[in-house]
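# Coordinate analysis (summary)
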Amino acid sequence: MGPVRRLGHTRRSSPMPDPGPFSLAHNSRSSRSDESSAFVPLGDSSEFQVTAEFDGGTGLSEECADTIRECLDRSGFVIVDGLLTRREADAGQGLIDQTVNDPKRHMSQFASETDNRYRRRNFCSLPSTPESLRFVSTLCRRLEPVISEYCGRSRPLLEITTLTSHQGSSHQYIHRDPDCVLSMLVAVDDIAPEQGGTLFVPGTHKYGGANIRMDGRAFEFMELYRIACNFRILAYNLKALLRMRRCGHPNLEPGEFRDRVFSRQQDDHQPNLLRFVTGKTYQFRVGMLGPRNLWKLFRYRKLLSESFRMVRTAPRKGSVILFRSDLMHAGGDNRSERPRNLLSLSIGRDVVNPDQWDLSYSPDPTLRANPQTYGDLLKEMDSPVPVGSAREANR
Ligand SMILES: [Fe+2]
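Below you will find a few notes about this structure. (Residues numbered from 1 in each chain as written. Predicted model: local features only at pLDDT ≥ 70, side-chain atom pairs only at ≥ 80, totals over all residues.)

### Focus: the overall build of the protein
A tally of regular secondary structure across the protein gives 15 helices and 11 strands. A buried classification covers 47% of the 395 residues belonging to the protein. Across the protein, every contact between residues at least 6 apart in sequence was considered, and the portion connecting residues at least 24 apart equals 82%. (Helix = DSSP H or I, 4+ residues; strand = E, 2+ residues; numbered from the N terminus. Buried ≥ 20, exposed ≤ 12 C-beta atoms within 10 Å, placed from the backbone. Contact = placed C-beta atoms within 7 Å.)

Below is the structure:
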């Protein structure tokens, strides 16, 4: 990691007027009409994108792997374009289709249980079939020079899931996943901006000494920024639900409005006012808006808006996003009629307490019964998906 310095990014010229402190719309270049209702307009993510370059058809070139690692170290995430061929991405889509259409699928317990219940999301684990393991193995072997920098061969595959979301899903609060995990999001199809790509806050990952930036207050300022964003997300989600209730599009199911706004059930990614006020939500609750934090939010508003920003991703088919689990991020809301499909997998970067595994990830029962390490995935599997030249096959 390079020398410690204050977090910050060069602002780019934008056709949109600066909406002021705490706005998340900095750096936007989008002029799409549907973007007017987005929480964060689609900005320029090119500084976080690396095009996959292959070395003799066997894996990433050394130079490309260096660039990916540098971006991952600096920003906490990177978008690798063209890592999979279109045919390979179709194979990933096939795995998702098989899973989401299976009535016996294993639903994930996180990332909005209420959305899962009302079929706004279909977050479920992919069984460890030979096909899904082969797919993941291909990914790991292709990214081996990058993943091996963070994960040892004995580290566990924590889950393979699909993050499928539908129209009317909530916008997740900005959050960090549990430490010491490397996660990947595979775009098995083009993700349109209105389908709700994942948002990241670059540079908020927790590497050694990260906190001593900003005069030793970097984590405190990150948390303040997160609170400011989550306040806006609460209002954004409430507004979207009220609009759905008023217009009937997309249609709310009986009881859905109540369960998303006034439920007693645990769900950290809904604008649930009851649990927000009673302090029972972990990601964002009324206690975070005490006088002390409100004063700091006012006092440091300029510093926060200059130091941090949100980047919304809209990966192309065959792209893979790698991110450190300790980076601040959030899944976007799907505002289109097309489902958004992302195949996701997570690998431990350290020893993982088995209890933590179940608390924070959703391993399929078949993965629990037949655990896989990163080293297992690097072994050649029967009939592996050919690496080939992804760039040429993508043409
Ligand atoms: Fe997350």
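From this point, the narrative continues.
### As for helix H2 (residues 86-100)
Here H2 spans 21 Å end to end across 15 residues, near enough to the 21 Å set by a 1.5 Å rise per residue. Those residues of H2 lying buried are Glu88, Ala89, Gly92, Leu95, Ile96 and Thr99. The buried residues of H2 occupy an angular sector of 110° when the element is viewed end-on, so they sit on one face. Packing partners of the buried residues in H2 comprise strand S4 (121-125), helix H4 (130-142), strand S5 (157-165), strand S6 (181-187) and strand S11 (342-348). (Expected span 1.5 Å × (residues − 1). Arc of directions from axis to C-beta.)

### Some points on the sheet that holds strand S7 (residues 199-200)
One open sheet holds the 3 strands; their spatial order is S8-S7-S10, and the pairing between them is antiparallel. Only two strands of the sheet have a single neighbouring strand rather than two, namely strand S8 (311-312) and strand S10 (329-330). Across 2 bridges, S7 lies against S10 in antiparallel orientation. Across the sheet, the residue bridging to Phe200 is His329, located in S10. (Pairing = 2+ DSSP bridges.)

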